[in-house]
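Observations on the three-dimensional arrangement
Below are the chains, spelled out letter by letter.
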Amino acid sequence: MSDIPATQKAVSRGERRRWYVHLALLVTLAGSLVTLIYLSHSITLHVIFGLAFMVFVLFHLYQRRRTVASLARQLIGASPRPKGRGQLAVSDTILEILVVNVFASGVVDAVSHHATDLNFLATVGFPAGLIQWHKLASLVLVGYVFVHVTRRWKRLRRSHVR
């Protein structure tokens, strides 16, 4: 049996649960991408991973309900912004909008049984493969998630649930 070093604090149950949700978010997002890229003939697995990602987004928002409410009040100007928290509010809001956009585009594609093209993007010079709404929305989300995770990587494992 070994002791925990004085410089390392024990991980609380809340931190562990939050880490599991973070890990599940990353795994389901990666699974959604990998199944689409490598198993393009089976859209079912992509949909399953995508829906699992959405479920974990809801868990994540539930875990952060107080923070989300505080950030929402800051965004509408109902409470003063503590220093540095305004950027977090804007970043989280953008992330939530991107997730909803990907979900909405996926639902529209599923209902219509084909990819929805944004033809106006072709007129401004977008490559033909990037004029599909769901594909473009997903690429933007993945890029933003990459930046979001890399900027918070050190705090990701030890974040507190409030």
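Each chain carries its own residue numbering, running from 1 in the written order of its sequence. The predicted origin of the model limits local features to residues at a pLDDT of at least 70 and limits the giving and counting of side-chain atom pairs to 80 or more, whereas totals for whole chains, interfaces and linings rest on all residues. Values shown for side chains rest on all heavy atoms present in the structure; no hydrogens or waters enter the calculation.

1. Looking at the overall build of the chain
Applicable threshold: A run of H or I in DSSP becomes a helix once it reaches four residues, and a run of E becomes a strand once it reaches two; helices and strands are each numbered from the N terminus. Only the protein chains shown count as covering a residue, and every accessible area follows the Shrake-Rupley method with a 1.4 Å probe.
On a plain count of helices and strands, the chain comes out with 6 helices and 0 strands. Surface summary for the chain: the accessible area is close to 11100 Å², and the carbon and sulfur share equals 68%.

2. A closer look at helix H2 (residues 43–63)
How we decide: Helix span, as expected, comes to 1.5 Å for every residue beyond the first. Burial classes: relative accessible area under 20% of the type maximum marks a residue as buried, over 50% as exposed, and values in between as partly exposed (1.4 Å probe, protein chains only).
Helix length check: H2 (21 residues) gives 30 Å between terminal C-alpha atoms against 30 Å at 1.5 Å per residue, within 8%. Buried residues of H2: His46, Phe53, Met54, Val57, His60 and Gln63, and no others.

3. Structural notes on the packing of aromatic side chains
Inclusion rule: Side-chain rings of Phe, Tyr and Trp, where Trp is taken by its six-membered ring, are said to pair if the distance between their centres is within 6.5 Å; with planes under 30 degrees apart they count as stacked, over 60 as edge-to-face, and otherwise as tilted.
Tallied over the full model, the rule gives 1 aromatic pair. Each ring, one from Phe56 and one from Phe59, has its centre 5.7 Å from the other, and the planes form 50°; the classification is tilted. In this pair, Phe56 and Phe59 both sit in helix H2, 3 residues apart, roughly one turn of the helix.

4. What to know about unusual backbone geometry
Non-glycine residue His113 carries a positive phi angle of around 65°. Looking at His113, the relative accessible area reads 72%, which means it is exposed.

5. Examining the side chain of Thr116
Keep this limit in mind: Throughout this description, a polar contact denotes any pair of N or O atoms lying within 3.5 Å of each other; where both atoms belong to protein, one of them has to be capable of donating a hydrogen while the other can accept it, and for residues adjacent in sequence the pair is counted only when both atoms sit in side chains.
Mapped onto the elements, Thr116 comes out in the loop between helix H4 (85–112) and helix H5 (119–123). Within polar-contact distance, the side chain of Thr116 engages the side chain of Asp109 at 2.8 Å.

6. A closer look at the environment of Val142
Tracing the backbone through its elements, the reader meets Val142 in helix H6 (residues 133–156). For the pair Val142 and Ala30, spaced 112 residues apart in sequence, the C-alpha to C-alpha distance is 9.2 Å.

7. With respect to the nonpolar core
One recurring pattern in soluble globular proteins is that nonpolar side chains are buried together. Defined as follows: What makes a nonpolar core is a set of buried Ala, Val, Leu, Ile, Met, Phe, Trp, Tyr and Cys residues whose side-chain atoms join them at distances within 4.5 Å.
Grouped together as the largest cluster of nonpolar side chains are 14 residues, with contacts concentrated most on Leu25, Phe53, Val57, Val99, Leu141 and Val145. Looking at this core, the elements that each hand over two or more residues are helix H1 (13–38), H2, H4 and H6.

8. Here we look at the environment of Leu95
As a reminder, the rule being used: Contacts are residue-level and defined by heavy atoms, with any inter-residue pair within 4.5 Å sufficient.
Within the secondary structure layout, Leu95 lies in helix H4. In this structure, the C-alpha to C-alpha distance between Leu95 and Val140, residues 45 residues apart in sequence, is 10.0 Å. Not counting the four nearest positions on each side in its chain, Leu95 is found in contact with Leu141, Tyr144, Val145 and His148.

9. So, the packing of H1 against H2
Relative orientation and spacing of two packed helices are given, respectively, by the angle between their axes and the distance between those axes. Note the cut-off: Between the N-to-C directions of two axes lies an angle of 0 to 180 degrees, each axis being a line fitted to C-alpha atoms and, for a helix, fitted only over the stretch in contact. Oblique is the label for any angle not under 35 degrees, not over 145, and not in the 65 to 115 range, which are roughly parallel, roughly antiparallel and roughly perpendicular in turn. By the definition used in this description, the sense in which the near helix is turned from the far one sets the handedness, with an anticlockwise turn below a right angle giving left-handed and a clockwise turn giving right-handed.
Between H1 and H2, the shortest axis-to-axis distance is 8 Å and the interhelical angle comes to 155°. Taken together, the axis directions place H1 and H2 in an arrangement best described as roughly antiparallel. Taken as a pair, H1 and H2 cross one another with a handedness that is left-handed.

10. Re the confidence of the model for the chain
Operational definition: For every residue, the predictor assigns a confidence score, pLDDT, that lies between 0 and 100.
When pLDDT is averaged across the chain, the result is 80; 79% of the residues are at 70 or more. When mean pLDDT is compared element by element in the chain, H2 scores highest at 89, while helix H3 (residues 65–75) scores lowest at 74. Across residues 1–7 the pLDDT falls below 50, and counting only partners more than four positions away or on other chains, this stretch makes 1 contact in the model.

11. Some details on the side chain of Thr28
Mapped onto the secondary structure, Thr28 falls in helix H1. Non-local contacts of Thr28, meaning those with residues more than four positions away in its chain, are made with Phe49, Ala52, Phe53 and Phe56.

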